[in-house]
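The lines below spell out each chain.
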Amino acid sequence: LHQVNAAIGWLELGAPAEAALELDRVTFKTLSHPDVVLLRWKICARTNNWHLALYLSRTLVRMAPEKPSSWLCLAFSLAGCAIIGKLTFLWNHSI
């Protein structure tokens, strides 16, 4: 629980790398909690790691389909992946 609170604090301070380091220290049982998965998703979203964010959001939807935040994370992740796909396409097809 201490590491989760520390990770939240780091993320609120705008330090997602430090937040991720704190979450890396939690137990496996804690990692499977929907709130911890959501926190990991927030770290990925903050760092524009949309492919991992998409994976985590799909996990959230399976774990907690009744929570609107699960579906919102999925929507944002899909949009983030779409933007990356468009930018990659433009980069690969530029002159």
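In this text the structure is predicted, and so the values were computed from the model without any measurement.

Caption draft 1: Fine view of the pattern of salt bridges. The full count for this structure, using the stated rule, is three salt bridges. The partner of R25 in a salt bridge is E22, with the nearest N and O atoms 3.2 Å apart. Residue classification places E22 among the buried residues on the basis of a relative accessible area of 14%. The residue K67 makes a salt bridge to D35 at a minimum N-O spacing of 3.4 Å. Here K67 is found in the loop between α5 (50–63) and α6 (68–92), whereas its partner D35 is found in helix α4 (residues 34–46), with 32 residues between them in sequence. Of the residues examined, K67 reaches a relative accessible area of 31% and is grouped as partly exposed. The exposure class assigned to D35 is partly exposed, which follows from its relative accessible area of 44%.

Caption draft 2: The side chain of S70, seen in detail. Relative to the helices and strands, S70 is located in helix α6. The contacts of S70, once residues within four sequence positions are left out, are S57, L60, V61 and A64.

Caption draft 3: Highlighting the packing of helix α1 (residues 2–12) against α4. Remark: α1 packs on α4, axes separated minimally by 11 Å, with the N-to-C direction vectors making an angle of 25°. With respect to α4, the element α1 is oriented roughly parallel. Crossing angle aside, the handedness with which α1 passes α4 is left-handed. Every residue of α4 that contacts α1 at V4, A7, I8 and L11 is listed here: V36, L39, K42, I43 and R46. Across the contact of α1 with α4, the residue classes tally to seven nonpolar, no polar and two charged.

So, how was this worked out
Counting starts from 1 at the beginning of each chain's written sequence and moves along it residue by residue. Reporting of local features is limited, given that this is a predicted model, to residues whose pLDDT is at least 70; pairs of side-chain atoms are given and counted only at 80 or more, and all residues count toward the totals for whole chains, interfaces and linings. For the side-chain quantities, the full set of heavy atoms in the structure was used; hydrogens and water were omitted. Each salt bridge in this description consists of a side-chain nitrogen of Lys or Arg and a carboxyl oxygen of Asp or Glu lying within 4 Å of one another. Burial status follows relative accessibility: with a 1.4 Å probe on protein chains alone, a residue under 20% of its type maximum counts as buried, one over 50% as exposed, and anything between as partly exposed. Secondary structure is summarised from DSSP: a helix means a run of H or I of at least four residues, a strand means a run of E of at least two, and numbering begins at the N terminus for each. The contact criterion used throughout is that any non-hydrogen atoms of two residues lie within 4.5 Å. Think of each axis as a best-fit line through the C-alpha atoms, taken over the contacting stretch in the case of a helix, with angles from 0 to 180 degrees between the N-to-C directions. In what follows, roughly perpendicular refers to angles from 65 to 115 degrees, roughly parallel to angles under 35, roughly antiparallel to angles over 145, and oblique to any angle outside these ranges. By definition, turning the near helix anticlockwise from the far helix through less than a right angle yields a left-handed crossing, and turning it clockwise yields a right-handed one. Following the grouping adopted for this structure description, the nonpolar residues are Ala, Val, Leu, Ile, Met, Phe, Trp, Tyr, Cys and Pro, the charged ones are Asp, Glu, Lys and Arg, and the polar ones are all others, Gly among them.

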